[in-house]
Every structure is written in structure tokens, then in C-alpha cells.
Amino acid sequence: MQTILFGTNNAHKLEEIRAMVLPGFHVLGLSDLGISLDVDETDSTLEGNALLKARGYAEASGMPCFADDTGLEVAALNGEPGVYSARWAGPACSYQDNVDKMLREMEGKTDRRAVFRTVIAWVDGQQEPRFFEGRVEGIIIPEARGQGGFGYDPVFLPEEHSLTFAEMPAAEKHNISHRGRAVRAFVEFLASQPA
């Protein structure tokens, strides 16, 4: 069993990742190691922020670490909120605050196309950092639907689906989501590495 660290303070993300990672890998979260460090996401790209976190938490823990950054890029909002997705409605905002802002910003917009992107950075101290991206296209719907998931899930309707991420059973969401796709690419990479 290989133990790796997922560099996040977001309990929802940790829960999703643990549900997706294949047997053979034991994923620890920062709280499992008593790490309270909060790495500032100061880069202007998802890749850069994921790498800042992976490096920071690998250094703090002395363990191989992966971290992600996720952004919702909305065509009618010129790609916003993008890297600011988690804190779009303000520094101490809730998921609901962000959803409410999205619905306000999209009022009257006819182009509702959006892309959810997740980038995972992997730092193990043995080789150069590696990146894995997952993306899913969809639209922003005019009102929130569903109680599951987190973040913008209640207003994001993935392409060729009739349910928002918040309405889908977790397994269905993981199968098609941006984070699920990035995690599968990451796990394939880990499985291909010599023990």
C-alpha cells in the first residue's frame, strides 16, 4: 500500500479523492498529519496554484504530495471566475455566496457555456513535477438544482446530461467530472511507476 498526501484543507475534495483513488493507494489529508499550513494561491494559473500547494505541503510533510486547483470558466464572463472560483464572492465567502453571485452575473445572458477544469500537480522529490488535467464542458443553468456535491455543482449542467453535478449520485459525478478525469490520469501515472 503506497501512502501519499493530498494537499488540501477542503474536506469535500478529500472525500471525493478518497472515493476515486484506486486500491493500493492510501490517501492522507493534511488534518491526518496535523498540518495546519495554508499555502497562498498567488499564481494566475490553475497549474501554478496546484504546484505551489503540492510543493508547500510536500516540504511541510516530507512526503510525496499532490494538490489540485479547480476553476469554473464561464464564456459570457470572459473566463471568470477561473482561478478565483473558490473565493469569487469574497475572501470568507461560502459556496452559497459564490452560487448566488454566479446566478446574478448570468442574469439575462444567452451564452451560458462553461468549462470546469481541474489541474493536479504531483511532487515526489524524485523527478520534475508532473501535471494532470481534467475538464468537462457544460452550461450554467438559471437556478440552482440539487443538494449533493459542493461549490458550483448546483448550477453546472454537464454537456449531454440532464442532471446538474449536485443532482447526480456521487459515483456518476466522479465518473464524468473534471476532478474525476484528472484523478484517473494521475492514478494511471502512479500505477505505471516502479514500486
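**Quick look at the overall build of the protein chain**
Alright, step 1. Counting its regular elements, the protein chain contains five helices and seven strands.
Alright, step 2. Listing each helix as α and each strand as β along the protein chain from the N terminus yields β-α-β-α-β-β-α-β-β-β-α-α.
Alright, step 3. What you see for the protein chain is a C-alpha radius of gyration of 17 Å, in line with the 16 Å of a compact globule of 195 residues.
Alright, step 4. Principal axes of the C-alpha set define a box for the protein chain whose edges measure 55 × 30 × 25 Å.
Alright, step 5. Every one of the 195 residues in the protein chain was classed for burial, and the buried ones make up 49%.
Alright, step 6. In the protein chain, of all internal contacts separated by at least 6 residues, the share reaching a separation of at least 24 is 55%.
Alright, step 7. Summing over all exposed atoms, the protein chain offers an accessible surface of approximately 9800 Å²; the carbon and sulfur share of this is 49%.
Alright, step 8. Positive and negative charge centroids in the protein chain, built from 18 and 29 side chains respectively, lie 2 Å apart.

**Notes on helix H3 (residues 95-105)**
Alright, step 1. Looking only at H3, the buried set comprises Asn-98, Val-99, Lys-101, Met-102 and Leu-103.
Alright, step 2. In this structure, the buried side of H3 is in contact with strand S3 (65-74), strand S4 (81-82) and strand S6 (130-140).

**A word on the pairing of strand S2 (residues 25-29)**
Alright, step 1. Of all five residues in S2, four are buried; the element is thus mostly enclosed.
Alright, step 2. Bridging between strand S1 (residues 2-6) and S2 involves five bridges; their strand directions are parallel. Following the sheet pairing, Ile-4 is matched in S2 by Val-27.

**A word on helix H2 (residues 46-61)**
Alright, step 1. The end-to-end C-alpha distance of H2, which contains 16 residues, comes to 22 Å, matching closely the 22 Å that a straight helix rising 1.5 Å per residue would cover.
Alright, step 2. Leu-46, Gly-48, Asn-49, Ala-50, Leu-51, Lys-53, Ala-54, Tyr-57 and Ala-58 are the residues of H2 that are buried.
Alright, step 3. Where H2 is buried, its residues touch S1, S3, strand S5 (113-123) and S6.
Alright, step 4. Following H2 by one or two positions, Gly-62 has its phi on the positive side, about 75°.

**With respect to the nonpolar core**
Alright, step 1. By size, the foremost hydrophobic cluster in this structure holds 20 residues, and its most contacted members are Leu-72, Val-74, Met-102, Ile-140, Val-155 and Phe-156.
Alright, step 2. Contributing elements (two or more residues each) for this core: S3, H3, S5, S6 and strand S7 (156-158).
Alright, step 3. Ranked by residue count, the leading element in this core is H3, at three residues.
Alright, step 4. The contact partners of Met-102, leaving out residues within four places of it in the chain, are Leu-72, Val-74, Leu-77, Pro-81, Trp-88, Ile-140, Tyr-152 and Val-155.
Alright, step 5. Among the nonpolar cores identified, the runner-up in size contains 18 residues, and Met-20, Val-21, Phe-186 and Phe-189 belong to it.

**Description of the side chain of Asn-98**
Alright, step 1. Along the chain, Asn-98 turns up in helix H3.
Alright, step 2. Classification of Asn-98 as buried rests on a relative accessible area of 3%.
Alright, step 3. Sequence-distant contacts of Asn-98, that is, excluding residues within four places in its chain, are made with Ser-85, Ala-86, Arg-87, Trp-88, Ala-89, Cys-93 and Tyr-152.

The rules behind these values
- Residues numbered from 1 in each chain as written.
- Predicted model: local features only at pLDDT ≥ 70, side-chain atom pairs only at ≥ 80, totals over all residues.
- Heavy atoms only, no water.
- Helix = DSSP H or I, 4+ residues; strand = E, 2+ residues; numbered from the N terminus.
- Rg over C-alpha atoms; globule rule 2.2 N^0.38 Å.
- Buried < 20%, exposed > 50% of the residue type's maximum accessible area, 1.4 Å probe, protein only.
- Contact = heavy atoms within 4.5 Å.
- Areas by Shrake-Rupley, 256 points an atom, 1.4 Å probe, with all protein chains shown as cover.
- Lys, Arg positive; Asp, Glu negative; His and termini not counted.
- Charge placed at Lys NZ, Arg CZ, Asp CG, Glu CD.
- Pairing = 2+ DSSP bridges.
- Expected span 1.5 Å × (residues − 1).
- Core = buried A, V, L, I, M, F, W, Y, C linked by side-chain atoms within 4.5 Å.

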